[in-house]
Amino acid sequence: ASTGSRLPPAQKACYRRVFADPAHVRGAMSFMAAADLPSLLPACSGLKSAVHFVLGEQDRWIPERPLRRVIERPLPQATVERWPGGHLLHEEDPARAAARVLAALD
């Protein structure tokens, strides 16, 4: 519920199982802690390909305003879309998310 996403009970049950596994939680936290965003982001300014972001309007985990600042500095050419949904908006509307990815690949 804290993500701002509305998921059906079956999907919530899957997340409940994943978050109940200490090894999974430890692995996810280690992965995120090891990400060196201050080094990675400046390197993004040299990207030649198009970059697209889709932000959830109800995302309670990553607020839009600070995220836009993080995106716009190193990636001024990036496009940013806002969709209804929370942090897991790709699971709220997987067909739309898949169609957006495929459109970006064209």
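Note that this is a predicted model, so its numbers are computed, not measured. Residue positions are given per chain, counting from 1 as you read along its sequence in written order. It should be noted that, the model being predicted, local features are given only for residues of pLDDT at least 70 and side-chain atom pairs only at 80 or more, the latter also being counted only at that level, while totals for whole chains, interfaces and linings use all residues. Side-chain metrics in this entry use all non-hydrogen atoms of the structure; hydrogen atoms and water are not considered.

### Brief notes about the side chain of Arg100
So the rule is basically this: Helix numbers and strand numbers start at the N terminus; a helix is a DSSP run of H or I with at least 4 residues, a strand a run of E with at least 2. Working definition: with a 1.4 Å probe on protein chains only, accessible area under 20% of the residue-type maximum means buried, over 50% means exposed, and in between means partly exposed. Whenever two N or O atoms come within 3.5 Å, that pair is a polar contact, provided that in protein one can donate a hydrogen and the other can accept it, and provided that, for residues adjacent in sequence, both atoms are side-chain atoms. Any two residues whose heavy atoms approach within 4.5 Å are treated as being in contact.
Relative to the assigned elements, Arg100 resides in helix α6 (residues 94-105). In this structure Arg100 comes out as buried when scored by relative accessible area, which is 19%. Within the local environment of Arg100, its side chain forms a polar contact with the side chain of His52, the two groups lying 3.2 Å apart. Not counting chain neighbours up to four residues away, the residues in contact with Arg100 comprise His52, Val54, Thr79, Glu81 and Trp83.

### Thoughts on the pattern of salt bridges
One side chain can pair with another of opposite charge once the charged atoms of both are near each other. Rules: Salt bridges are identified by distance alone: a Lys or Arg side-chain nitrogen within 4 Å of an Asp or Glu carboxyl oxygen.
Considering all chains together, one arrives at five salt bridges under this definition. We note a salt bridge from Arg82 to Glu57, for which the minimum N-O separation is 3.9 Å. Residue Arg82 is found in strand β2 (residues 79-83), and its partner Glu57 is found in the loop between β1 (52-56) and α4 (64-72); the two are separated by 25 residues along the sequence. A relative accessible area of 36% places Glu57 in the partly exposed class. In this structure, the salt-bridge partner of Arg68 is Glu64, at a minimum N-O distance of 2.6 Å. Of this pair, Arg68 and Glu64 both sit in helix α4, four residues apart, which is roughly one turn of the helix. Classification of Arg68 by relative accessible area gives partly exposed; the value is 23%. The class for Glu64 is partly exposed, based on a relative accessible area of 22%.

### Comments concerning the environment of Ala78
Among the secondary structure elements, Ala78 is positioned in the loop between α4 and β2. Discounting chain neighbours no more than four positions away, the residues touching Ala78 are Val51, Phe53 and Ile71.

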